[in-house]
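Observations on chain architecture
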Amino acid sequence: MLISEAVSEIRTQNLVLPEFQREYVWSREQAKQLLVSLTRKYPVGGLLFWKTQEPPELKNVNKMPEKLGAVQVILDGQQRLTTLYMLVTGEIPPYYTDEDITTDVRDLYFNVADGDFQYFQPVRMRDNPRWVRVIDCFNGDSVGVFSIAKKTAAGDIEAAFQLSEAYTLNLNKLRGIRDVNLPVQVVPVEASLDDAIDVFDRVNSLGTKLTDAELALTHVTGKWPEARRTIKAKIGELKQQRFEFDLTFMTRAFVSTVTDHALFQHIHQTPRPQLEEGWERLSKILDYMVGILPNHAHIHSTRDMSTLNPLIPIVRFLNLNGGRFPSDASLRRGMHWLHVAQIHQRYAGQTDSRLEHDVTIVNREDSPWQSLVNQIVDQRGRVNVLPDDFEGRGSSHPLYRMSLVLAKANGAVDWFNGLSLDAPVGGAYGIHSHHIFPQSKLYKNGFSSNSHLDRQVVNAIANRAFLTGDTNLGIGNSLPEEYLPKVEEQYPGSLSSQFIPMDPQLWKLSRYRDFLRARRELIADGLNSYLNKLLSVDEPPVTQSLSDLISMGEGRSLEFKSTLQWDVVESKQNKGLREAVLKTITAFMNSEGGTLLIGVEDSGQIFGLERDLGIVGGSQDRFLQLMNSLVADRIGIAFVPYVSFRMDAINEKLVCVVDVSKPPERAFVSGKFYVRIGNMTRALDPEETVAYIRE
């Protein structure tokens, strides 16, 4: 097929792009080299089309125009065709929108004198008429060769004629690429969609740049055409919460949700209903994760993580446990494993096989965390951190990001404005990495910027603290012996919260190496203490019988509610009654915890849940699912682990027992803050709320 013919077929939508194809991913350099090869008559590969009268879902085509016969679906060669279409026509091909083209190659220029291709360079090209835009070269008479030659020859007409002949020859070489015939192979019209994807898979497995994740997503999109758009929309949604997940991670998480595996190929044959149902679960799991990671792991964004791979076994675990951690102990152990997996780089090598192995452990064990940690012990010999682990390590090592997590967990604040590092904000108050001993001073006092080893010492993790951008710039090149005493005076404890050695003698430039040694020990001890604390699970409270609870009567940590949403007066459902239950739950959270009995009147008489259960079809499971959803949706996903529900019976009447523990964060419902005062739930106004939290 001639390139000019291919361009025309794309314009008229006789050549179309299936939704399962990846986006335009070529770089500007790849686009330039394609034209270099074509003008030199080098081979650039062939094209693969699928001829079909029943095309799959197509990119940017809501409805195919009426056609006689079959259309041709591009299976291989779309990167080349897209590049050629943009450079020959100056337009975006109809199967893409402007937003789909993240790399625009159309500012490529051609030198008519020597046939060189370069992207626009103002200094080099502005006053040189020999450089013309490639797209203008294909646009009729846009390029006046003789006019260019006259300017180049400085008015010498004879020289201008000679130059114009040479320029025309080069220009015709470029224009001649439209007549280059690209070999085409065609999957026959009788092939099915599965056949076409199988061919696409085989072609792209023979040395092209499609990754396993891209091939997996191709198979998913072939069965569920909206999948790629749906996943990318979720990526954009999570990015608003500072968590930037790419398509590779999302595809891997998708695989681990709908299959028992972490390897991409296991999703290839999954049918559409299972894919859509699995995506609904994964979407909720991701919402839950970005809710718990800041509060329970002090991870406020993906920038706080050195790798996303340890989240995959967690996704699998949550998928097997109804989308949440079943208990606070399980949550803490999961966060412990997440941290040590990053610190010790569990997936730095053999990523696929190790992820598959760890997902298998999650499938096999109800509480897999110790077994997962044991894999790291087998791999690294230990999980505890030693001071020497920090030596020679800079900002590219996982311990650097873990140092920030540790500082936030330790209640660190900015040294000059008191802002908590555990509540990230943008702009001037975004978190910066600060050299405690300034680089410039160190390089002038015994360290060389030309020495790799010296640069490691100057930029060591132990010479880094975390401050807001405004403070970091304000400190400038001050030595620690000058500014650290002021910090400690203004915000007592703020230095120790970032593990600064408190001996002022170590703040002197001459004691820099001693400072690093002392701080490495402090950080290592602090990190081990933080990790061990995650494993120290409190003794579970003694569960009292339902009759004992009722006999105690309502008090600060115990309350009765007749129903969840059955209006006893009106004898019908009243969803507004749910608010009273949620108020009580948040009040317990903001106090010292407590127990709520639903199905018990204020007097202690058993009302039962018969009518509430009737609203949800008589199912206890649906009632408990509703309770979980109300907490997640109205109070917050991060608070779900602090509420447990169970059914108990007395005198053959069911009662829902809601046990609430105190979370580390304050809870709100409908924008209001509730606490327990005696046996009452009371809402505090904003001023009272601030005072209560501060106290």
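Everything here concerns the structure above.
Residues numbered from 1 in each chain as written. Predicted model: local features only at pLDDT ≥ 70, side-chain atom pairs only at ≥ 80, totals over all residues. Heavy atoms only, no water.

Here the focus is the overall build of the protein chain. Summing up its helical and strand segments, the protein chain has 27 helices and 17 strands in all. Reported as C-alpha extents along the three principal axes, the dimensions of the protein chain are approximately 110 × 75 × 50 Å. Within the protein chain, the fraction of its 695 residues that count as buried is 50%. Surface summary for the protein chain: the accessible area is close to 32,400 Å², and the carbon and sulfur share equals 47%. Side-chain charges in the protein chain split into 76 positive and 86 negative, and the spacing between the mean points of these groups amounts to 4 Å. (Helix = DSSP H or I, 4+ residues; strand = E, 2+ residues; numbered from the N terminus. Buried < 20%, exposed > 50% of the residue type's maximum accessible area, 1.4 Å probe, protein only. Areas by Shrake-Rupley, 256 points an atom, 1.4 Å probe, with all protein chains shown as cover. Lys, Arg positive; Asp, Glu negative; His and termini not counted. Charge placed at Lys NZ, Arg CZ, Asp CG, Glu CD.)

Look at helix α2 (residues 28-39): 17 Å from first C-alpha to last across 12 residues, which is about the 16 Å you get at 1.5 Å a residue. Taken as a whole, α2 has its buried residues at Ala 31, Lys 32, Leu 34, Leu 35, Val 36, Ser 37, Leu 38 and Thr 39. For α2, the secondary structure elements touched by its buried residues are α1 (3-11), α3 (78-89), β4 (108-111), β5 (117-119), α5 (134-137) and α7 (157-175). Among the residues trailing α2, Lys 41 stands out with phi positive, at a value near 65°. (Expected span 1.5 Å × (residues − 1). Contact = heavy atoms within 4.5 Å.)

Counted residue by residue, helix α13 (residues 311-320) has 9 buried out of 10 residues, so it is predominantly covered. Residues of α13 that are buried include every one of Leu 311, Ile 312, Pro 313, Ile 314, Val 315, Arg 316, Phe 317, Leu 318 and Asn 319, and no others. For α13, the secondary structure elements touched by its buried residues are α11 (247-258), α12 (272-297), α14 (328-343), α15 (351-364) and α16 (369-380).

Located in the positive-phi region is His 298, a residue other than glycine, with phi close to 55°. Looking at His 298, the relative accessible area reads 13%, which means it is buried. Despite not being glycine, Glu 652 has its phi angle at roughly 65°, a positive value. Tracing the sequence through the fold places Glu 652 in the loop between β14 (643-650) and β15 (653-660).

This next bit is on the packing of helix α24 (residues 578-590) against helix α26 (residues 620-635). Two numbers describe a pair of packed helices, the interaxial angle and the distance between the axes. The contact between α24 and α26 brings their axes to 11 Å, and the two run at 70°. In this view, α24 runs roughly perpendicular relative to α26, as classed from their interaxial angle. The way α24 lies across α26 gives a crossing that is right-handed. Every residue of α26 that contacts α24 at Arg 578, Glu 579, Val 581, Leu 582, Ile 585, Thr 586 and Met 589 is listed here: Leu 626, Met 627, Leu 630, Val 631, Arg 634 and Ile 635. Its residues placed into classes, the contact of α24 with α26 shows 9 nonpolar, 1 polar and 3 charged. (Axes fitted to C-alpha atoms, helices over the stretch in contact; angles between N-to-C directions. Parallel < 35°, antiparallel > 145°, perpendicular 65-115°, else oblique. Left-handed = near helix turned anticlockwise from the far one by under 90°. Nonpolar A, V, L, I, M, F, W, Y, C, P; charged D, E, K, R; others polar.)

A side chain of one charge can pair with a side chain of the opposite charge if their charged atoms are brought near each other. Considering all chains together, one arrives at 32 salt bridges under this definition. Lys 234 is paired through a salt bridge with Asp 287; the nearest N and O atoms lie 2.9 Å apart. In this pair, Lys 234 sits in helix α10 (residues 227-239) while Asp 287 sits in helix α12, placing the two residues 53 residues apart along the sequence. In this structure Lys 234 comes out as buried when scored by relative accessible area, which is 4%. Bridged by salt links that share partners, the residues Glu 19, Lys 59 and Arg 229 form one connected network. (Salt bridge = Lys/Arg side-chain N within 4 Å of Asp/Glu carboxyl O.)

Below, the discussion takes up the sheet that holds strand β6 (residues 131-133). Pairing is antiparallel in the open sheet, where 3 strands are placed in the order β5-β4-β6. Whereas interior strands pair on both sides, the edge strands pair on one side only; in this sheet they are β5 and β6. Within the sheet, the average angular offset between the axes of one strand and its neighbour, ignoring direction, is 40°. Relative to β5, β4 runs antiparallel, the two sharing 3 bridges. Its bridge partner lying in β5, Tyr 109 is registered against Gln 118. Against the sheet, α2 touches β4 and β5, its axis set at about 160° to β5. (Pairing = 2+ DSSP bridges.)

In a beta sheet, neighbouring strands are held together by backbone hydrogen bonds and run either parallel or antiparallel to one another. Spatially, β10-β13-β15-β14 is the arrangement adopted by the 4 strands of the open sheet, whose pairing is mixed. Looking at strand neighbours, the two that pair on one side only are β10 (558-561) and β14, the edges of this open sheet. Across the sheet, the mean angle from the axis of one strand to that of its neighbour is 20°, orientation sign disregarded. Its contacts with the sheet place α24 against β10, β13 (594-598), β14 and β15, and it is angled at close to 165° to β13. Taken strand by strand, α26 contacts β13, β14 and β15, and its axis lies near 150° from that of β14.

Here the focus is the side chain of Asn 590. Mapped onto the fold, Asn 590 is located in helix α24. The class for Asn 590 is buried, based on a relative accessible area of 1%. Filtering out sequence-adjacent residues up to four positions away, Asn 590 remains in contact with Arg 666, Ala 667, Phe 673, Tyr 674, Val 675 and Tyr 692.

Rolling a probe over the atoms, with the probe sized like a water molecule, indicates the empty space that remains. Applying the stated criterion across every chain yields a total of 5 cavities of 30 Å³ or more. The computed volume of the largest cavity comes to approximately 70 Å³. Residue assignment for the lining of the largest cavity shows that the elements contributing at least two residues are α17 (398-409), β9 (464-468) and α22 (512-535). Ranked by the residues each element gives to the lining of the largest cavity, the list is headed by α17, at 3 residues. Its residues placed into classes, the lining of the largest cavity shows 6 nonpolar, 2 polar and 2 charged. Of the pockets and cavities examined, the second largest cavity occupies roughly 60 Å³. The wall of the second largest cavity is formed by Ile 299, Asp 304, Met 305, Ser 306, His 339, Gln 342, Ile 343, Pro 398, Arg 401, Met 402 and Val 405. Mapped onto the lining of the second largest cavity, the elements with two or more residues apiece are α14 and α17. With 4 residues, the top contributor of residues to the lining of the second largest cavity is α17. Across the lining of the second largest cavity, the residue classes break down as 6 nonpolar, 3 polar and 2 charged. (1 Å grid on protein atoms, 1.4 Å probe; cavity = no way out; pocket = protein on both sides within 12 Å on 5 of 7 lines; lining within 4 Å. Points joined across faces, edges and corners; volume = space filled by probe spheres on them.)

Structural measurements only, silent on function.
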